[in-house]
Amino acid sequence: EPEVTQTPSHQVTQMGQEVILRCVPISNHLYFYWYRQILGQKVEFLVSFYNNEISEKSEIFDDQFSVERPDGSNFTLKIRSTKLEDSAMYFCASSPEDYPSTDTQYFGPGTRLTVL
Amino acid sequence: GESVGLHLPTLSVQEGDNSIINCAYSNSASDYFIWYKQESGKGPQFIIDIRSNMDKRQGQRVTVLLNKTVKHLSLQIAATQPGDSAVYFCAEGRDSSYKLIFGSGTRLLVRP
């Protein structure tokens, strides 16, 4: 069964450093998303991406964040200058062409980002 | 992919019993609701969904009930198995938006 993959599984960085989190969505999917979950809190939407542009973003997704689909398979989230409060689990998700609808956001296993 | 939080409510059930996990949602304008399951080390996994114009939907061993009057959603798992042990999240969405809004999660523990 196809699945979303994410690398690395755990990223440790120093405050102020740039990090890039990588995701490989399911191959025939066209909509891509990033969510995050701070320990002990809810999963929060960050951004959605379709047709090489951001289709929706949350208040969390400020100028420090950017997303890119550099090739036909990868989808990345970049944090330019990490802050302590960026420490969280980051989930990538993807969905097929007929989204938005129910039941079609498939999540990856997550990358745990620790900012020291 | 852990979503473990220090303050997750926990439901402990005996293997073979039925489980009911509850969720209160906030937006009366949501068009659909989804239940996700998250096992340790994995991301959220889709279980079942329901549109806002429905009251009940059944899947394999799972049933979702929607009470719009009190903005309440429940997930019923029949004959709970050890493999059902996980954290369960409800999420709500709108057709006009790409984002899902997640609830805080409930940990289900199945006793053998």
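Parameters at a glance
Residues numbered from 1 in each chain as written. Chains lettered and ligands numbered in written order. Predicted model: local features only at pLDDT ≥ 70, side-chain atom pairs only at ≥ 80, totals over all residues. Heavy atoms only, no water. Pairing = 2+ DSSP bridges. Helix = DSSP H or I, 4+ residues; strand = E, 2+ residues; numbered from the N terminus. Axes fitted to C-alpha atoms, helices over the stretch in contact; angles between N-to-C directions. Disulfide = S-S within 2.5 Å. Buried < 20%, exposed > 50% of the residue type's maximum accessible area, 1.4 Å probe, protein only. Salt bridge = Lys/Arg side-chain N within 4 Å of Asp/Glu carboxyl O. Phe/Tyr/Trp six-rings, centres within 6.5 Å; stacked < 30°, edge-to-face > 60°.

A few points about the pairing of strand E6 (residues 62-67) of chain B
Residue and element names in this part refer to chain B.
Here is step 1: Pairing of strand E5 (residues 56-58) with E6, which is carried by three bridges, proceeds in the antiparallel orientation. Bridge pairing links lysine 56 to leucine 65 in E6.
Here is step 2: The turn joining E5 and E6, which pair antiparallel and follow one another in sequence, is formed by three residues; a positive phi near 70° is taken by arginine 61.
Here is step 3: Across six bridges, the pairing between E6 and strand E7 (residues 72-77) is antiparallel. Along E7, the bridge assignment pairs leucine 65 with serine 74.
Here is step 4: Counted between consecutive antiparallel strands, the loop separating E6 from E7 contains four residues, among which lysine 71 sits at a positive phi close to 55°.

Description of the sheet that holds strand E1 (residues 5-7) of chain A
Residue and element names in this part refer to chain A.
Here is step 1: If you walk across this open sheet you meet the four strands as E1-E3-E8-E7, and the pairing is antiparallel. The strands lining the two open edges of the sheet, one partner per strand, are E1 and strand E7 (65-68). Between one strand and the next, the sheet's axes are offset by a mean angle of 20°, whatever the strand orientation.
Here is step 2: Strand direction decides the pairing type here: strand E3 (residues 19-24) and strand E8 (residues 75-79), joined by five bridges, are antiparallel. Within E8, the position partnered with isoleucine 20 by the bridge is lysine 78.

Observations regarding the state of the cysteines
Here is step 1: The tally for this structure, following the rule as stated, stands at two disulfides over all chains.
Here is step 2: Bridging Cys23(A) to Cys92(A), the disulfide has an S-S length of 2.0 Å. Around the S-S axis, the bridge from Cys23(A) to Cys92(A) shows a dihedral of about -65° and counts as left-handed. Placement of Cys23(A) in strand E3 and of Cys92(A) in strand E9 (residues 88-95) is noted, with a sequence separation of 69 residues between them.
Here is step 3: In this structure Cys23(A) comes out as buried when scored by relative accessible area, which is 1%.
Here is step 4: What makes Cys92(A) buried here is its relative accessible area of 0%.
Here is step 5: Here Cys23(B) pairs with Cys90(B) through a disulfide, and the sulfurs are 1.6 Å apart. With a gap of 67 residues between them, Cys23(B) in strand E2 (residues 19-24) and Cys90(B) in strand E8 (residues 86-93) connect regions that are remote in the sequence.
Here is step 6: Overall, Cys23(B) belongs to the buried group, its relative accessible area being 9%.

Here's the deal with the pattern of salt bridges
All names here are of chain A.
Here is step 1: The full count for this structure, using the stated rule, is six salt bridges over all chains.
Here is step 2: Among the salt bridges present, the one from glutamate 44 reaches arginine 36, with a minimum N-O distance of 3.2 Å.
Here is step 3: Among the residues examined, glutamate 44 registers a relative accessible area of 24% and is labelled partly exposed.

Topic: the packing of aromatic side chains
Residue and element names in this part refer to chain A.
Here is step 1: Taken as a whole and assessed by the stated rule, the structure comprises 15 aromatic pairs over all chains.
Here is step 2: Seen in terms of ring centroids, tryptophan 34 and phenylalanine 75 are 5.9 Å apart; in terms of plane orientation they differ by 25°. Their pairing is stacked. Highlighted residues: tryptophan 34 in strand E4 (residues 31-37) and phenylalanine 75 in strand E8, separated in sequence by 41 residues. The pair formed by tryptophan 34 and phenylalanine 75 is uniform in burial state, with each residue classed as buried.

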